[in-house]
Amino acid sequence: MRLGRRTVTALLGIVLIFQGALVCEARSVFVIHAQNTVENLNDVNLAGIIKGEVRYWENGDPTRLAFSSDAETIKCLESESQIPFGRLKNIWTRLAFTGRGFKAKRFQNDSDLFLFMKKNPGALACIPESKVQDWMTIVPISR
Amino acid sequence: MDFQTSANKFAILRRWLVALILALAVTPCLWAIDLKPTFRGFVSGGILLQDGEQGLNEGEQHVELFEAALNASIFPFDKTLISGQVFVFHLGDDDDIDPKLDYLYLDHEVTQEFGLRAGRIRRKEGFFLETIDIDATRTFIRLPAGVYVLDLRDINTSIDGFSVYGTVDTENWGSFSYDLYGGDIDFDDQDVFDAISTIAFQSFEGTFTNPAIGLDTIYGGQLRWYSNFGLTLAYSYARYNDFSIRGDMSLAEGLPVQDYYSESSLSWHVLSSEYVMDDWVFRAEYLAGRSSDGRVFLDGVPPNSSGFGDSTNLDGWYVSAERFISDKLSIGTYYTEYYADSSDRDGSELVEDRLVSNMHNFRNLALGFSYQWRESTLLKMEAHWQQKLRIVGDSRNTLTERFPSSRVYDTTLGLAFKVTLSF
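Residues numbered from 1 in each chain as written. Chains lettered and ligands numbered in written order. Predicted model: local features only at pLDDT ≥ 70, side-chain atom pairs only at ≥ 80, totals over all residues. Heavy atoms only, no water.

### Observations regarding the sheet that holds strand β1 (residues 28–33) of chain A
Residue and element names in this part refer to chain A.
- The strand order across the open sheet formed by five strands is β4-β3-β5-β1-β6, and the pairing between neighbours is mixed. Since the sheet does not close on itself, it has two edges, and those belong to β4 (105–107) and β6 (136–138), each with one partner. This sheet shows a mean twist of 30 degrees between the axes of neighbouring strands, independent of strand direction.
- Across five bridges, the pairing between β1 and strand β5 (residues 123–128) is antiparallel. Bridge pairing in β5 links S28 to P128.
- Helix α5 (residues 110–119) rests against β1, β3 (64–68), β4, β5 and β6 of the sheet, and its axis sits at about 155 degrees to β5. (Pairing = 2+ DSSP bridges. Helix = DSSP H or I, 4+ residues; strand = E, 2+ residues; numbered from the N terminus. Axes fitted to C-alpha atoms, helices over the stretch in contact; angles between N-to-C directions. Contact = heavy atoms within 4.5 Å.)

Shown next, in the form of structure tokens:
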């Protein structure tokens, strides 16, 4: 059986739409505690926070990066920093052992991540959108 | 070579106990005033295996390696950080595991573009000097020795002084960061002399006792450019003013002991580049060093008669590629070369005219694997092929006389394994 060009195009379109829907469903976002007054971040500052180069918020609180352990969140960190995750881990270890910043915290468990955010007012967490809580604010990223 | 040992195990134990008591006393106080310190640390053990009689430690088939560090950080005020780390390093049969204060500083960031740091701070040089002894920050166990010399870590990693730093973001041109520093170095004279003699002398049949190391000042800095497309470029500079070595030297067994003094100023330049492309990271770095205003004084010997006090240029470089196959596994390779005298790359002048340096001329090819077994456990394995210049013939290398000899290249194959636990 030979498929026509239109059929192939239509099938490809369906696959892409379906794939897009999956990505959207599993989309990861950056959140802060609602008491933190950050209104927005640009992509350069966000990459700087992920790499440990931007260490403080405007109000002086240290920026503490936390993230959940799912694949989509890790992809999101890689995409925002343009650095492979293995290399990011090296960078975070360097920050910790030169005293120049904090190692980003990776959480397997949501409740531990939420507790970390409540204890650290400067925490910025990368989590799946489906896990955003009432007391969190999604940070808009300007590009 | 006979050295006076400074290792006093009781003094070391006493220092550890005092540090522990202080830490135990201070920690609850910090918690009480809501300055909760963050602690981090690692313990790392490994082994280096070599195939021949020549290598890192001549005549040894394996060298054990142990490292441990503990650090603490607090934020006492807005945008202000106090951070400190104690580090222990042990290589081979050396029983001296004297802990060292790696850094302890106060850091205040006025703005992202300008910050100040004062105390004992670690220098930035190239991509890795700041973390030369922390292999958890990279795929490789041993850094390319053409640019990073592990034996010099006690001399060139930390300074007592200050630094200013900052990062400037641009709209279309990525960001620039700078770090400028100045100060001096708190030497442990014996440790520094041991490191220098390991590097400087391939064979020396005399004695050198009561070493005293001096340094007037050290200053320098680093400028980095982070592009928007994965490329990072950096230039680092360091200047050691009036670096001196004094001691009692006997040129050979049975000869009288004489006062020895040498002094020179050293300048280091490192050019660095890194390119990140998907899962790949490519790097190249080049080191150029120059000693100038050198002087050597030895009782009864005219200054600079050996040529040791002349200005010399050293250089080294490496290229590397790393691939992060998954978030747990990475693989990397590098090739590096080093020349103690860049005007004599094949060592021909050295045979007739120079003291024989243990690191005069070498090349090294490495292949390494790094696997994160659990969040806190890192496993590493690395293979090395190394060629190093050695002078054979009459091995008496003295400051005053020259002896006929010839040069050969020793080839060494090595394997290294390492486990690091961190928290």
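### Considerations on the pattern of salt bridges
- Enumeration according to the criterion identifies 23 salt bridges over all chains in this entry.
- Put simply, E274(B) and R87(A) hold a salt bridge, and the shortest N to O gap is 3.1 Å. In this pair, E274(B) sits in strand β11 (residues 258–277) while R87(A) sits in helix α4 (residues 85–98), so the two residues belong to two different chains.
- Among the ionic pairs, K380(B) bridges to D135(B), the shortest N-O distance being 3.2 Å. Pair noted here: K380(B) is in strand β16 (residues 377–393) and D135(B) is in the loop between β5 (114–122) and α2 (153–156), with a separation of 245 residues, a long-range link. The two residues K380(B) and D135(B) agree in class, both being buried.
- A network of salt bridges, in which partner residues are shared, links R55(A), R100(A), D107(B), E109(B), R117(B), E130(B) and D179(B). (Salt bridge = Lys/Arg side-chain N within 4 Å of Asp/Glu carboxyl O. Buried < 20%, exposed > 50% of the residue type's maximum accessible area, 1.4 Å probe, protein only.)

### What to know about the side chain of D107(B)
- When you line up the elements, D107(B) lands in strand β4 (residues 100–111).
- Looking at D107(B), its side chain comes within polar contact range of the side chain of Y165(B), at 2.5 Å.
- Setting aside anything within four residues of it in sequence, one finds D107(B) in contact with R55(A), K79(B), T80(B), L81(B), L116(B), R117(B) and Y165(B). (Polar contact = N/O pair within 3.5 Å; in protein donor to acceptor, adjacent residues only side chain to side chain.)

### Quick notes on a nonpolar patch on the surface
Residues and elements named next belong to chain B.
- A cluster of nonpolar residues, L49, L367, F369, M381, L415 and F417, forms a patch on the protein surface that exposes about 450 Å² of accessible area.
- For the nonpolar patch, the elements supplying multiple residues, two or more each, are β15 (361–374) and β17 (405–422).
- A relative accessible area of 33% places F369 in the partly exposed class. (Patch = residues over 30% accessible without salt bridge, like charges linked within 9 Å, V, L, I, M, F, W, Y side chains within 5 Å. Areas by Shrake-Rupley, 256 points an atom, 1.4 Å probe, with all protein chains shown as cover.)

### Focus on the nonpolar core
- Residues Y148(B), F187(B), Y240(B), F243(B) and I245(B) are the most contacted members of the largest nonpolar core, which totals 41 residues.
- Elements with a minimum of two residues in this core: β4, α3 (189–200), β8 (207–214), β10 (231–250), β11, β12 (280–298) and β13 (312–324) of chain B.
- For this core, the element with the highest residue contribution is β10(B), accounting for five residues.
- In this structure, F243(B) is in contact with I155(B), F187(B), I196(B), I213(B), G214(B), L215(B), S262(B), E263(B), S264(B) and L266(B), ignoring residues within four places of it in sequence.
- Judged by nonpolar contacts, the second largest core, of 24 residues, contains L46(A), L65(A), L77(A) and I91(A). (Core = buried A, V, L, I, M, F, W, Y, C linked by side-chain atoms within 4.5 Å.)

### Things to note about unusual backbone geometry
- Its identity is not glycine, yet Q82(A) carries a phi of approximately 60 degrees, on the positive side.
- Relative to the helices and strands, Q82(A) resides in the loop between α3 (71–81) and α4.
- The phi dihedral of D242(B) falls on the positive side, at around 55 degrees, and the residue is not glycine.
- Along the chain, the position of D242(B) falls in strand β10.
- Relative accessible area serves as the criterion here: at 34%, D242(B) is assigned to the partly exposed category.

### Overview of the pairing of strand β3 (residues 80–91) of chain B
All names here are of chain B.
- Inspection of the sheet shows strand β2 (residues 62–74) paired to β3 by 10 bridges, in the antiparallel sense. Note on β3: the bridge partner recorded for N71 is Q85.
- The pairing of β3 with β4 spans eight bridges and is antiparallel. Bridge pairing links G84 to L104 in β4.

### A look at the interface of chain A and chain B
- Each partner contributes to the interface: chain A provides 31 residues, whereas chain B provides 44 residues.
- Of the roughly 3,200 Å² buried between chain A and chain B, counting both surfaces, carbon and sulfur atoms make up 49%.
- If you sort the residues of chain A by the area they bury against chain B, Y56(A), F97(A) and R100(A) come out on top, with a joint share of 24%.
- Taken together, chain A and chain B are joined by seven salt bridges.
- The salt bridge partner of R100(A) is E130(B), with a shortest N-O separation of 2.1 Å.
- Secondary structure elements with two or more residues in the side of chain A that touches chain B: α2 (43–51), α4 and β4 of chain A.
- Among the elements that line the side of chain A that touches chain B, the one with the most residues is α4(A), at 10 residues. (Buried area = accessible area lost by both parts, 1.4 Å probe.)

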